[in-house]
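# Understanding the architecture of this molecule
Spelled out from the first residue to the last, the chains are:
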Amino acid sequence: MTTAELTNTVELALEEIRPFLKSDGGNITLIDIQEDKHVTVRLEGACVGCSVNQMTLKAGVETTIKKYAPQIETVTNIA
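Residues numbered from 1 in each chain as written. Predicted model: local features only at pLDDT ≥ 70, side-chain atom pairs only at ≥ 80, totals over all residues. Heavy atoms only, no water.

### As for helix α2 (residues 53-68)
Helix length check: α2 (16 residues) gives 21 Å between terminal C-alpha atoms against 22 Å at 1.5 Å per residue, within 8%. The sharpest bend along α2 comes to roughly 30 degrees, located at Glu62. All buried positions along α2 are accounted for by Asn53, Leu57, Gly60, Val61, Glu62, Thr64 and Ile65. Its buried side turned inward, α2 meets α1 (3-23), β1 (26-34), β2 (38-45) and β3 (74-77). (Helix = DSSP H or I, 4+ residues; strand = E, 2+ residues; numbered from the N terminus. Expected span 1.5 Å × (residues − 1). Bend = angle between axes of the 7 residues up to and from the residue. Buried < 20%, exposed > 50% of the residue type's maximum accessible area, 1.4 Å probe, protein only. Contact = heavy atoms within 4.5 Å.)

### Overview of the environment of His38
Along the chain, His38 turns up in strand β2. Judged by its relative accessible area of 22%, His38 is partly exposed. The spacing of His38 and Ala69 is 31 residues in sequence and 11 Å in space, taken between C-alpha atoms.

### Some thoughts on the layout of surface pockets
It is a probe the size of a water molecule, rolled over the atoms, that shows where empty space is left. Roughly 170 Å³ of internal volume is contained in the largest pocket. In terms of lining, the largest pocket is formed by Ile17, Phe20, Leu21, Asp24, Leu43, Ala46, Cys47, Cys50, Val52, Asn53, Thr56 and Gly60. Contributing elements (two or more residues each) for the lining of the largest pocket: α1 and α2. (1 Å grid on protein atoms, 1.4 Å probe; cavity = no way out; pocket = protein on both sides within 12 Å on 5 of 7 lines; lining within 4 Å. Points joined across faces, edges and corners; volume = space filled by probe spheres on them.)

### Points about the pairing of β3
Of the pairings in the sheet, the one linking β2 to β3 comprises 4 bridges and is parallel in character. For Thr40, the partnering residue across the bridge sits in β3 and is Thr76. (Pairing = 2+ DSSP bridges.)

The structure is reproduced here in structure tokens:
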């Protein structure tokens, strides 16, 4: 999979989870994909100060991205 294809695939995964984040006043933006296996995102809006944003990141975002792109190893949030 090319870098462009992987980026598109990760964006598709984010589009799946984005409505759930938006319903709670949040959003997410893809920042970077390193070495085709480490994804960096930015949680935005209400997600920034949410007490369960790390759970959302791991259980929701990371799981969804790995469903679309199993080669992804980690998903991290930048503040």
